[in-house]
Amino acid sequence: MLADTFLAHWQENELNGCIPMKCGRAGFNQVVKAFQEVMRQQLESSMYAELEKLVSTAKGAEAEVSKKDFEGFRKLFHRFLQVKGPSVEWSKINRPPEDSIQPYDKIKAKGLPDNIADSLNKLVVVKLNGGLGTSMGCKGPKSLISVRNENTFLDLTVQQIEHLNKTYNADVPLVLMNSFNTDEDTKKILQKYRHHRVKIHTFNQSRYPRINKESLLPVAKDMAMTGENADVWYPPGHGDIYASFYNSGLLEQLIAEGKEYIFVSNIDNLGATVDLYILNHLVSQPNGKRCEFIMEVTDKTRADVKGGTLIQYDGKLRLLEIAQVPKAHVDEFKSVTKFKIFNTNNLWISLSAIKRLQEQNAMDMEIIANPKTLDGGLNVIQLETAVGAAIKCFENALGINVPRSRFLPVKTTSDLLLVMSNLYSLEAGCLTMSERREFPSTPHVKLGSSFTKVQEYLTRFESIPDMLELDHLTVSGDVTFGKHVSLKGTVIIIANHGDRIDIPAGSMLENKIVSGNLRILDH
């Protein structure tokens, strides 16, 4: 971007006779570097001036919070302007050493100590709760969508932790990292858990300004979040957890209470429950060799080719995301033979290590420049970071290759159908695959656009079909399912435009393709 601007200036000045036509390649490169540096400094000072103006429109506590947020944003913006080319050199990428990614069975083989409560009392569960349910047609926080027996993601999380606390007489608190999009609604709903045996804390992600792609300055004119300013702010990805947690004062408070580790995961990953074996592995290490960061990874399938993977780079374990891969190597990155595992975003992290790295300003995560287009057509950039990218900053970091069952995200109604079905049983907030299913893998389900929104999806099923023997389901068009339908093997149902298919109550479809028009009329 800077180079393009420079070339435009160079050509203009050359034509005006300001720059000698024949200064030589070396001279040209020097001028380019000097000009880029001047441009960088100008952009930074313009950005800082704009941020000062924005903060001056805030009042009281909001001004203090905004100042802290903008400190983080300034650091991110400074690094964004420094970035030259891809953040990794492909030739320097190596496979991680054998012992740096441990199989889960090896961790489990250690067994559990008698004093499980002692280990649990060192743990805090943190759920990333910044997302809205808009992609599934819902208003408000995604964590408040009902996913099973009227239970929301948040209900299931509270049930899991309460069960642990009651079973082992422990005190595991729940911490929710909200965003400005989810904070108010989440806090209202927390009243219902007052009598549960779980202490619940919240803190907020930072609020960063979206940047105009052309001017590289904030779109916002003041700190308001309504009217013209409704879409000019964004929460900067889950990598913001370290700074926000530290700035909130909650990190310090939990350390003072004797907590040592956090278990971080996405609130929509229903497989991300507290694993006692991984926790025991963490707390049983000798002090000098304490593992400060564990990333749960699992084997890639064709559905996971875009997921981030672990590599060895400059002598450190590092997360490699698809956005960092040079275009020429994207197919290689997606290969399930070369890069066999991917990041589940279930992470176990030392609290004291987060505190140390924050105080030393040593938390180094690759910047994700996420392009967006606002409703009015304006092109903007969001600067984000990913929580797992910090793995290279921690001592004795480790990957653990966990069973696929620990990765059960609900991103779409296709995922929702799986977790609502008889493939899973629910106990103490935990979903487990039914013993009656012969294969441990989940069926591949693809529901069409008529099912995208949760409310519409729910009207299309009188009851959720029996899917115990299902391998593959594709549904497209205007399709509804009656009660007690059974699906087995590969089932494809396609209603063409203008047609409708009603699957009758009690139907059993096994290895069937259904198309055309099948309308069941009420009599």
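About the cut-offs
- Residue positions are given per chain, counted from 1 along the sequence in the order it is written.
- With pLDDT at 70 or above as the cut-off, local features in this predicted model cover only qualifying residues; side-chain atom pairs require 80 or more to be listed or tallied, and sums for whole chains, interfaces and linings still use all residues.
- Hydrogen atoms and water are omitted, and side-chain values are computed over all heavy atoms in the structure.
- UniProt positions are given in the numbering used here, feature names are shortened, and annotations may be inferred rather than shown by experiment.
- Here the limits of each domain have been adopted from an automatic or database domain assignment.
- Contacts: residue pairs with any heavy atoms within 4.5 Å of one another.
- Simply put, the buried area is the total loss of 1.4 Å probe accessible area from both parts when two parts are fitted together.
- Each helix is a run of DSSP H or I of at least 4 residues and each strand a run of E of at least 2, with the numbering of both proceeding from the N terminus.
- Residue exposure (1.4 Å probe, protein chains only): buried if accessible area is under 20% of the type maximum, exposed if over 50%, otherwise partly exposed.
- Helix axes use the C-alpha atoms of the stretch in contact, all axes being lines fitted to C-alpha atoms, and the angles between their N-to-C directions lie in the range 0 to 180 degrees.
- Orientation is classified from the angle alone, with under 35 degrees giving roughly parallel, over 145 giving roughly antiparallel, 65 to 115 giving roughly perpendicular, and any other angle giving oblique.

The name given to the chain in an unreviewed UniProt entry is UTP--glucose-1-phosphate uridylyltransferase, and the organism recorded there is Sinocyclocheilus rhinocerous. As recorded by UniProt, the Sequence similarities (unreviewed entry) comment attached to the chain reads in full: "Belongs to the UDPGP type 1 family."

Student: I'm lost on the domain arrangement of the chain in this one. Help?
Tutor: In many analyses, interface size is given as the accessible surface area lost on bringing the parts together. Taken domain by domain, the chain holds domain 1 (1-82), domain 2 (90-208 + 237-300 + 340-365 + 393-406) and domain 3 (413-515). Between domain 1 and domain 2, the C-alpha centre-to-centre distance is 37 Å. Listed as interface residues are ten residues of domain 1 and, on the opposing side, seven residues of domain 2. Where domain 1 abuts domain 2, roughly 690 Å² becomes buried across the two surfaces, and 40% of that area is made up of carbon and sulfur atoms.

Student: Can you help me understand the environment of Thr-385 in this one?
Tutor: Relative to the assigned elements, Thr-385 resides in the loop between β16 (379-384) and β17 (398-401). The sequence separation of Thr-385 and Ala-369 amounts to 16 residues, and the corresponding C-alpha distance is 8.8 Å. With residues near it in sequence (within four places) discarded, Thr-385 still touches Leu-76, Pro-236, Gly-237, His-238, Gly-239, Asp-240, Met-365, Glu-366 and Ile-368.

Student: In this structure, what is going on with the UniProt feature "binding site: substrate" (unreviewed entry) in the chain? I would like to understand it.
Tutor: Here, the residues flagged by UniProt with the feature "binding site: substrate" (unreviewed entry) are His-238. Mapped onto the elements of the fold, His-238 is located in the loop between β9 (233-234) and α8 (241-248). Here His-238 falls in the partly exposed class, since its relative accessible area comes to 27%. Ignoring anything within four residues of it in the chain, the contact list for His-238 reads Leu-128, Met-177, Gln-205, Asn-266, Asn-345, Thr-385, Ala-386 and Val-387.

Student: Just checking my understanding: could you explain the packing of α8 against helix α12 (residues 351-359) for this structure?
Tutor: Geometry of a packed helix pair, given as the angle between the helix axes and the separation of the axes. Closest axis-to-axis distance for the α8/α12 pair is 10 Å, and the angle between their directions is 95°. Considered as vectors, α8 and α12 are oriented roughly perpendicular to each other. Contact residues: Tyr-242, Ala-243, Phe-245 and Tyr-246 in α8; Leu-351, Ile-354, Lys-355, Gln-358 and Glu-359 in α12.

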